Number of protein chains: 2
Amino acid sequence: MRLSDIDTPAVLIDTAVMERNLARAAEYAREHGLRLRPHIKTHKIPALARRQIELGACGITCAKTTEALAMLSCEPPDLLIAYPVIGAQKIARLIELARRAPVTVSLDSVDAARPIAEAARAAGIEIGVLAEMDVGLRRVGVPPGEPVLDLVLALLRLNGLRWRGLAFYPGHIKTLDESGRAQLGSLREALWSAVSLLKERGLAPEIVSGGSTPLLWESHTLPELNEIRPGTYIFNDRNTVLSGACAPADCAATVLVTVVSTAPDRIIIDGGSKTFSSDRLASSSEATFGEVVGHPLLRFHKMNEEHGFISLNGAPQSFRPGDRLRIVPNHICVAMNLHERVYGIQGDEVTAEWRVEARGKLQ
Amino acid sequence: MRLSDIDTPAVLIDTAVMERNLARAAEYAREHGLRLRPHIKTHKIPALARRQIELGACGITCAKTTEALAMLSCEPPDLLIAYPVIGAQKIARLIELARRAPVTVSLDSVDAARPIAEAARAAGIEIGVLAEMDVGLRRVGVPPGEPVLDLVLALLRLNGLRWRGLAFYPGHIKTLDESGRAQLGSLREALWSAVSLLKERGLAPEIVSGGSTPLLWESHTLPELNEIRPGTYIFNDRNTVLSGACAPADCAATVLVTVVSTAPDRIIIDGGSKTFSSDRLASSSEATFGEVVGHPLLRFHKMNEEHGFISLNGAPQSFRPGDRLRIVPNHICVAMNLHERVYGIQGDEVTAEWRVEARGKLQ
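Residues numbered from 1 in each chain as written. Chains lettered and ligands numbered in written order. Predicted model: local features only at pLDDT ≥ 70, side-chain atom pairs only at ≥ 80, totals over all residues.

A.B. asks: Can you walk me through the overall build of chain A in this structure?
C.D. replies: Assigned secondary structure in chain A consists of 10 helices and 17 strands. Since a compact globule built from 363 residues should have a radius of gyration of about 21 Å, the 22 Å found for chain A is in line with a globular shape. C-alpha atoms of chain A, sized along the principal axes, occupy 70 × 45 × 35 Å. The burial tally for chain A puts 56% of its 363 residues in the buried class. Considering only residue pairs separated by 6 or more positions, chain A has 67% of its internal contacts joining residues 24 or more positions apart. (Helix = DSSP H or I, 4+ residues; strand = E, 2+ residues; numbered from the N terminus. Rg over C-alpha atoms; globule rule 2.2 N^0.38 Å. Buried ≥ 20, exposed ≤ 12 C-beta atoms within 10 Å, placed from the backbone. Contact = placed C-beta atoms within 7 Å.)

A.B. asks: Mind showing me how you'd approach the relation of the copies chain B and chain A here?
C.D. replies: Superposition of the two copies of the chain requires a rotation about an axis together with a shift along that axis. Once turned by 180 degrees and shifted 0.0 Å along the axis, chain B lies on chain A with an RMSD of 0.0 Å. Taken together, the rotation and translation relating the two chain copies correspond to the operation of a two-fold axis. Rotation axis and chain B: the residue whose C-alpha lies nearest the axis is S278 of chain B, separated from it by 2.7 Å. (Least-squares fit on C-alpha atoms with pLDDT ≥ 70 in both.)

A.B. asks: Explain the sheet that holds strand β2 (residues 35-36) of chain A to me, please; I cannot follow it from the model alone.
C.D. replies: Neighbouring strands of a sheet are bound in pairs by backbone hydrogen bonds; such pairs are parallel or else antiparallel. Spatially, the 8 strands line up as an open sheet ordered β2-β9-β8-β7-β6-β5-β4-β3 (chain A), and their pairing is parallel. The outermost strands of the open sheet, each flanked by one partner alone, are β2 and β3 (60-62) of chain A. (Pairing = 2+ DSSP bridges.)

A.B. asks: When you look at the pairing of strand β7 (residues 161-168) of chain A in this model, what are you seeing that I'm missing?
C.D. replies: On a regular strand, one side chain projects to one face of the sheet and the next to the other, so that they alternate. All names here are of chain A. Within β7, 7 of the 8 residues are buried, leaving the element largely enclosed by the surrounding structure. Bridge count between strand β6 (residues 127-133) and β7: 7 bridges; the pairing is parallel. Counterpart to A131 in the pairing with β7 is L166. Following the chain from β6 across helix α6 (residues 146-156) to the adjacent parallel β7, one finds a crossover that is right-handed. Relative to strand β8 (residues 207-210), β7 runs parallel, the two being bridged by 3 bridges. (Right-handed = clockwise from strand over helix to strand, strands pointing away.)

A.B. asks: Which parts of the structure should I look at to understand the interface of chain B and chain A?
C.D. replies: In this complex, chain B contributes 48 residues to the contact, which on the side of chain A involves 48 residues. Contributing elements (two or more residues each) for the side of chain B that touches chain A: α4 (88-100), α5 (110-123), β10 (253-263), β11 (266-269), α9 (273-276) and α10 (332-336) of chain B. Looking at the side of chain B that touches chain A, its residues break down into 15 nonpolar, 18 polar and 15 charged. (Nonpolar A, V, L, I, M, F, W, Y, C, P; charged D, E, K, R; others polar.)

A.B. asks: Hey, could you run me through the sheet that holds strand β9 (residues 227-228) of chain B in this one?
C.D. replies: Residues and elements named next belong to chain B. A sheet is described by the order of its strands in space; here 8 strands give the open sequence β2-β9-β8-β7-β6-β5-β4-β3, paired in parallel fashion. A strand with exactly one partner marks an edge of an open sheet, and here the two such strands are β2 (35-36) and β3 (60-62). Of the pairings in the sheet, the one linking strand β8 (residues 207-210) to β9 comprises 2 bridges and is parallel in character. By the bridge assignment for β9, G210 is matched with I228.

A.B. asks: I'm lost on the confidence of the model for chain A in this one. Help?
C.D. replies: Detailed reading of the predicted coordinates is not advisable wherever pLDDT falls low. With 100% of its residues at a pLDDT of 70 or more, chain A shows a mean pLDDT of 97. The ipTM assigned to the predicted complex is 0.97, against a pTM of 0.97. (pLDDT = per-residue confidence, 0-100.)

A.B. asks: Honestly, α4 of chain B in this entry has me stumped. Any pointers?
C.D. replies: Each turn of an α-helix holds 3.6 residues, which means side chains three or four residues apart point in the same direction. Residue and element names in this part refer to chain B. For α4, which comprises 13 residues, the first-to-last C-alpha distance of 19 Å matches the rise-based estimate of 18 Å (1.5 Å per residue) to within 8%. Burial in α4 covers these residues: K90, I91, R93, L94, L97 and A98. One side of α4 carries all its buried residues, which in axial view fall inside an arc of 160 degrees. Contact partners of the buried residues in α4: α3 (65-71), β4 (79-81), β5 (103-107), α5 and β6 (127-132). (Expected span 1.5 Å × (residues − 1). Arc of directions from axis to C-beta.)

A.B. asks: Can you help me understand the domain arrangement of chain A in this one?
C.D. replies: When the parts of a complex come together, some accessible area is lost, and that lost area is often taken as the interface size. Residues and elements named next belong to chain A. We note that the domain assignment places domain 1 (3-9 + 246-355) and domain 2 (16-234) within chain A. Placing the centre of domain 1 and that of domain 2 at their C-alpha centroids yields a distance of 32 Å. Each partner contributes residues to the interface: domain 1 has 10 residues there, and domain 2 has 14 residues. Ranked by residues supplied to the side of domain 1 that touches domain 2, first place goes to helix α10 (residues 332-336) with 3 residues. Considering only residue class, the side of domain 1 that touches domain 2 consists of 6 nonpolar, 3 polar and 1 charged. (Domains from an automatic or database assignment.)

A.B. asks: Could you clarify how one ought to interpret the nonpolar core in this entry?
C.D. replies: Generally speaking, soluble globular proteins have nonpolar side chains that are buried together. Counting 221 residues, the largest nonpolar core has I81 of chain A together with I81 and L94 of chain B as its most contacted members. Ignoring any residue separated from it by four or fewer positions in sequence, one finds I81 of chain B in contact with C62, T65, A68, L94, V103 and V105 of chain B. (Core = buried A, V, L, I, M, F, W, Y, C linked by C-beta atoms within 7 Å.)

A.B. asks: What exactly am I supposed to notice about the pairing of β6 of chain B here?
C.D. replies: Residue and element names in this part refer to chain B. Burial analysis of β6 places 6 of its 6 residues in the buried class, the great majority of the element. In the sheet, β5 pairs with β6 via 4 bridges, with the strands oriented parallel. Among the inter-strand pairings, T104 is bridged to a residue of β6, identified as G128. Following the backbone out of β5, through α5 and into the adjacent parallel β6, one traces a crossover that is right-handed. Pairing between β6 and strand β7 (residues 161-167): 6 bridges, direction parallel. Across the sheet, the residue bridging to G128 is R162, located in β7.

A.B. asks: What exactly am I supposed to notice about the environment of G59 of chain A here?
C.D. replies: Relative to the helices and strands, G59 of chain A is located in the loop between α2 (46-54) and β3. In this structure the C-alpha to C-alpha distance between G59 of chain A and R35 of chain A, which are 24 residues apart in sequence, comes to 8.8 Å.

A.B. asks: Would you take a moment to explain helix α2 (residues 46-54) of chain B for this structure?
C.D. replies: All names here are of chain B. Along α2, the residues that are buried comprise P46, L48, A49, Q52 and I53. The buried side chains of α2 occupy one side of the element, clustering within an arc of 165 degrees when seen end-on. For α2, the secondary structure elements touched by its buried residues are α1 (15-31), β3 and α3. Just past α2, the residue G56 takes up positive phi, approximately 115 degrees.

A.B. asks: Any chance you could explain the environment of Q363 of chain A here in plain terms?
C.D. replies: On the secondary structure map, Q363 of chain A appears in the segment after β17 (349-355). Here the alpha-carbon distance between Q363 of chain A and C251 of chain A, two residues 112 residues apart in the chain, equals 30 Å. If sequence neighbours within four positions are ignored, Q363 of chain A has contacts with K64, T65, T66, Q89 and K90 of chain A together with D7 and T8 of chain B.

A.B. asks: Whenever I open this one, unusual backbone geometry confuses me. Can you help?
C.D. replies: The general pattern is negative phi for most residues beyond glycine and trans for most peptide bonds. Residue and element names in this part refer to chain A. Backbone torsion omega between T8 and P9 reads -5 degrees, so that peptide bond is classified as cis. Although it is not a glycine, K44 adopts a positive phi angle of roughly 60 degrees. Here K44 is to be found in the loop between β2 and α2. Residues other than glycine seldom take positive phi values, yet E75 does so here, at roughly 55 degrees. Of note, E75 is situated in the loop between α3 (65-71) and β4 (79-81).

Rendered as structure tokens:
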């Protein structure tokens, strides 16, 4: 099959670029003695998780129990649900998962931990647990210092759980500009003090799990860190480029679209918020939704559900309905989640077709 | 099944409110002699399209051929693809559709029309066509006046197509404030002059199709209009309330979520951009993503993929992990598209479960 046989809009994955991204991160983790546990939220495809495991990943990270169930065919050696698993249905699924693969969950409260411990005891199994620490995003996690120690001590008291260490997500650091570097410094201190406090009590964490794609290549500068969970690095996107963690040529994913209408100053494409998501750029106030490959002047400035508005922005009107374009999205994780299947390509050749198995698994 | 049996995040449809919304629009259309052709992009559920048809809808509107194929079980008396159908795969699907239901497509160029006409001739069938007119959104459509006449004359020359009239989408009018009223006045003039120009040539359009949910109740003030295509009106959302086209009590859809983490100033819920979409409000610069039912102070101000950040904003911290909340989303159409199934409820009783059949049908 050729590219021209694919209907639009469609996500294309340049498999050579993807393999290079995968190999680079695997090599980096190996070199620095870090366990690599990729977050599958980006691709949601068991075959790609399998590829990550083949290249040395110690396991996978999922956000949801349904997502994890859909990924089990990748045969993960170890499975982390990096999300507080709360509610009877989710805990039932967690137990089912734990019967089929070694499972650990990260959480930040005894309210979240107790029902999991009870269910694990009732099932006669043990579930791994990481204490989630907030390092600045103000999302989940207890503050570093005494609250982390208190949470760990509480987790240790709950039979059915096996405390394995700490988890954090430095999502507040989006670029490594001057202020990002300062935040990275604070993160180093927070990690050091949290781990020291635990060690003083004889509680050496087996796992200190953190990291993100923007900070991927800084992981070795965080001395306590021994496990990283990047997701986006497999494909990269405009956000990754802006973060400084990859070059434009490292973006493996593009969205193939068709021009459906033209006017003197604009073109309209068959992809909008139901194709790209309406995510703006993470670290820029610029309200654009993608970069048109090979047409640097064009400005993808507005979306409706099924329409993308691209201003020619001074470029000549050389497009006609039916022309095809490829667009690098702002945020590939949310775009992937909108597609039933995506295509692997090498040049103009379609070399793979993958169902996005864990897409739309909401619970 | 009770509400408490549903795992979160989940879209809930209050069926009494939905039925009231449906009946009101059906009654309005009947009273004013307008054909009602709901856009199914909002719900994407054949059973709900069937309900719209039972209440008098003349047919349905879809944006995509795959979406239309997934909706065929609602047995539409007439089917409009309100989108230029471009590309071999889509045209093949259009022909397949046309063999199973009367199909019309709206488009704005001869480039888009010619391949459809050729395919229809080859298949020995005729496909209806509406000339799309741009009334101010600057999306698809030719400008009113001579360009509309030229497009209609070109369509009339293409065997395989049956020209049926005009289509437009007034998506640029988001509220009926003073400036919205002025835009509505210009729309009236544009419609009148486009239709007059056609009539002068003896080309009376059978269909003049337009409208949106924000302008739904103004449709009778556009004298040339005889068909309306609202979508969102079945459920309504924060955007509809802000547009003035419904009251808060007319929002039939909420998203049920669970509190997964708490801190002195905030709660985190298990719904983010993969649950709600990251659509901001259409007619406000306020960057919030939903209204928490029963908690007017709370401010849903930020999202990650699976996390919603809600600031307590002065409200007391009375929440614990495991608590459930219901949230009125900004834009229900994009939220529905993220869910595999949604639930109909009456009070605490779950009375229906629908698969979102046409979800993620991208082409």
